[in-house]
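Summary of structural features
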Amino acid sequence: MSPVLYSSRSRSEVPFEAADAGVLRVMSNSRTPVFCTVHASGRRRYGYWQPYDSVTNRGGCYVALPTPVCDRLYSQGRITLGEPLVDPAKTTYRVWPAHGPVAPVRIPASRLPARAVAQVLAA
């Protein structure tokens, strides 16, 4: 009897609509402020603080959101970035869901200093 091979699916194969909806749901919740951190190397990370829940005994940690999904939502104009908080090693933005049509923006892919990335993203 031959073993049955099951095809595995990675998380990246989940339909984009489901991933987009999940990320937008988290960003729309006013109790979970989401931030985008752009490091001096150009690496971006989206995440939020999940408070501790004594009922489920979970939380009390940072939760990262999928960067490709967040970048796509940003380039489509579905999310916007707040005022930058510039640090020598990184720039941090508050992420908000867009409430109206926003022009798509190109996120720089090359290595730029954190200040230059902040200027491009703020423009």
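Quick look at the structure, then.

Quick notes on the rules
- Residues numbered from 1 in each chain as written.
- Predicted model: local features only at pLDDT ≥ 70, side-chain atom pairs only at ≥ 80, totals over all residues.
- Heavy atoms only, no water.
- Phe/Tyr/Trp six-rings, centres within 6.5 Å; stacked < 30°, edge-to-face > 60°.
- Helix = DSSP H or I, 4+ residues; strand = E, 2+ residues; numbered from the N terminus.
- Buried < 20%, exposed > 50% of the residue type's maximum accessible area, 1.4 Å probe, protein only.
- Core = buried A, V, L, I, M, F, W, Y, C linked by side-chain atoms within 4.5 Å.
- Contact = heavy atoms within 4.5 Å.

Turning to the packing of aromatic side chains, a few remarks are in order. This structure, assessed with the given rule, holds one aromatic pair. With a centroid separation of 4.9 Å and an interplanar angle of 75°, the aromatic rings of Trp49 and Tyr62 are classed as edge-to-face. In this pair, Trp49 is assigned in strand β2 (residues 44–50) and Tyr62 in strand β3 (residues 61–65), connecting sequence segments 13 residues apart. On the basis of relative accessible area, Trp49 is assigned to the partly exposed category, the value being 41%.

Turning next to the nonpolar core. By size, the foremost hydrophobic cluster in this structure holds 18 residues, and its most contacted members are Met27, Leu65 and Val95. Elements supplying a minimum of two residues to this core: α1 (16–28), β1 (34–39), β2, α2 (67–75), β4 (79–81) and β6 (90–97). Beyond its immediate chain neighbours, meaning those up to four positions away, Val95 contacts Met27, Val34, Phe35, Cys36, Tyr46, Ile79, Thr80 and Leu81.

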